[in-house]
Amino acid sequence: MTNPPPAPEPAAAAETSGSAAPGDRQVPGPRRSGEPRRPTLRSDLRASWPDGLVALVITAAVFVLLYIRIRNKTSSTVTVMPFMADAGGFWMYFLSQAFGWSALLWAWGTVVLGLLLSGPRPSRLPLSGPRLERLHRTTSLNTIALIAAHALLFAAELVRHDTAAWNSAVATAFVEAFVPGGYDSGTGRIAIPVGQAALYLAIPLGLLFYVRHRIGPKTWRVLHRCVIVVYVLSVWHTLLYGTNVWYDGWFRTGVWLLQLPIAALLLLRLLRPARRSEKLPGNPGASAGARTGWALRLGGRLAVATVLVALVAVVASGKDGGRSVPPEDTSSTHNHD
């Protein structure tokens, strides 16, 4: 991404399953003798280190790739912001970019896992259901961490290049990086708040899993299904503000292409829900409430189907909303990724 937050997120991310997540089929009640303990945040944090280590390795690889492309002046970031051709001078910014891309990748994986767990599952999966559920939870936690790292490094870069006193620089960077509306330059006036929204939604929605027994399974399921918004905001933030995908081309189209399996799995999840109460009956019912619920379920299925068709059209046509690459001698607008 180059940015969640957003992702992501931060995602964007969170338990970004979009529909349901670990335990959506059955939220455990009081533990009986001999039953496994309810997953806790502490236990999942301990279990998340292998997944987190892989994320850091991938982030480092992305950083090296970005750094080399900047030095060789083959990155579109240099076209958008020529002053950033000094790779060593802006290394922290490129590290923020790297964390943003890995955050978007982890958010994508979390969404896929969540939809596989909550919808019709393939007959053969490489891991058992409980292991996939734990992996879904740990990737969710790591997605939040990656989005947060992306945002913090962006703020640190703002402080690093601010010539004001350190306390004033920190205050300005905090406002621009974390306060909606605080960043008022160019596309960032929209893109930065979108990323911030992904981060601020990812944290509570992702962590609600660990208190679902207190808020009730029904409330948790309703809130958790809103987490797909975190992922959508993260992708939107990336396409809107990421200088790596600023222009038309295979890389930007590739980001759109990755959304096809998400939309397909979500549509399958809606067409073949695991819970009987979520199925679309042939008869909407006589009461006004039943008819409203039926219309909302049908509308949701039609909306996701429309999105899937639109994604196919975007990928097939290459008309993905990117800007045209300017001539080499055309000066670029100062903007941040």
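Here, the structure is the one placed above.
A few points on the structure. The structure presented is a predicted model; accordingly, all values stated were derived computationally and were not measured.

When helices and strands are tallied, the chain shows 13 helices and zero strands. When the elements of the chain are put in sequence order from the N terminus, they spell out α-α-α-α-α-α-α-α-α-α-α-α-α. Counting the 337 residues in the chain, one finds 47% classified as buried. Accessible surface, the chain as shown: approximately 16,500 Å² in total, 65% of it carbon and sulfur.

Below, the discussion takes up the nonpolar core. Counting 36 residues, the largest nonpolar core has Met84, Tyr93, Phe94, Phe99, Leu146, Phe154 and Phe178 as its most contacted members. Going through the elements one at a time, helix H2 (49-71), helix H3 (76-80), helix H4 (91-118), helix H5 (129-160), helix H6 (166-178) and helix H7 (188-207) are the ones with two or more residues in this core. Counting 17 residues, the second largest nonpolar core, distinct from the first, contains Val111, Tyr231, Leu239 and Leu266.

A few words now on the layout of surface pockets. Put simply, the second largest pocket is a space of about 730 Å³. If you trace the second largest pocket, you find 29 residues lining it, with Trp101, Asn244, Val245, Trp250 and Phe251 closest to the centre. Split into classes, the residues belonging to the lining of the second largest pocket amount to 17 nonpolar, nine polar and three charged.

Inspection of the entire model under this criterion finds 10 aromatic pairs. Considering the side-chain rings of tyrosine 93 and phenylalanine 94, the 5.8 Å spacing of their centres and the 70° angle between planes classify their relative orientation as edge-to-face. When sorted by exposure, tyrosine 93 lands in the same class as phenylalanine 94, which is buried. Ring centres of tryptophan 250 and phenylalanine 251 lie 5.5 Å apart, and the angle between their planes is 40°; on these two criteria the pair is classed as tilted. Here phenylalanine 251 falls in the partly exposed class, since its relative accessible area comes to 35%. What links up through ring pairs into an aromatic cluster is the set Trp101, Trp250 and Phe251. Its guanidinium or amino end placed over the ring of tryptophan 246, arginine 323 lies 3.7 Å from that ring's centre, counting from NZ or CZ.

Relative to the assigned elements, arginine 301 resides in helix H13 (residues 288-317). The exposure class assigned to arginine 301 is buried, which follows from its relative accessible area of 9%. Once the C-alpha coordinates of arginine 301 and leucine 266 are considered, the two residues, 35 residues apart in sequence, prove to be 9.0 Å apart. Aside from chain neighbours lying at most four places away, what touches arginine 301 is Leu267, Leu270, Leu271, Pro273, Glu278, Lys279 and Leu280.

Quick look at the side chain of glutamine 196 now. Along the chain, glutamine 196 turns up in helix H7. Given the relative accessible area of 3%, glutamine 196 is considered buried. A distance of 3.0 Å separates a polar side-chain atom of glutamine 196 from the backbone oxygen of alanine 177.

Attention now moves to the pattern of salt bridges. Across all of its chains, the model carries four salt bridges by this definition. One salt bridge in this structure joins arginine 134 and aspartate 44, with 3.8 Å as the shortest N-O distance. Here the residue arginine 134 occupies a position in helix H5, and aspartate 44 occupies one in helix H1 (residues 41-47), the gap between them amounting to 90 residues. Given the relative accessible area of 0%, aspartate 44 is considered buried.

Parameters and conventions
- Residues numbered from 1 in each chain as written.
- Predicted model: local features only at pLDDT ≥ 70, side-chain atom pairs only at ≥ 80, totals over all residues.
- Heavy atoms only, no water.
- Helix = DSSP H or I, 4+ residues; strand = E, 2+ residues; numbered from the N terminus.
- Buried < 20%, exposed > 50% of the residue type's maximum accessible area, 1.4 Å probe, protein only.
- Areas by Shrake-Rupley, 256 points an atom, 1.4 Å probe, with all protein chains shown as cover.
- Core = buried A, V, L, I, M, F, W, Y, C linked by side-chain atoms within 4.5 Å.
- 1 Å grid on protein atoms, 1.4 Å probe; cavity = no way out; pocket = protein on both sides within 12 Å on 5 of 7 lines; lining within 4 Å.
- Points joined across faces, edges and corners; volume = space filled by probe spheres on them.
- Nonpolar A, V, L, I, M, F, W, Y, C, P; charged D, E, K, R; others polar.
- Phe/Tyr/Trp six-rings, centres within 6.5 Å; stacked < 30°, edge-to-face > 60°.
- Lys NZ or Arg CZ within 6 Å of the ring centre and 35° of its normal.
- Contact = heavy atoms within 4.5 Å.
- Polar contact = N/O pair within 3.5 Å; in protein donor to acceptor, adjacent residues only side chain to side chain.
- Salt bridge = Lys/Arg side-chain N within 4 Å of Asp/Glu carboxyl O.

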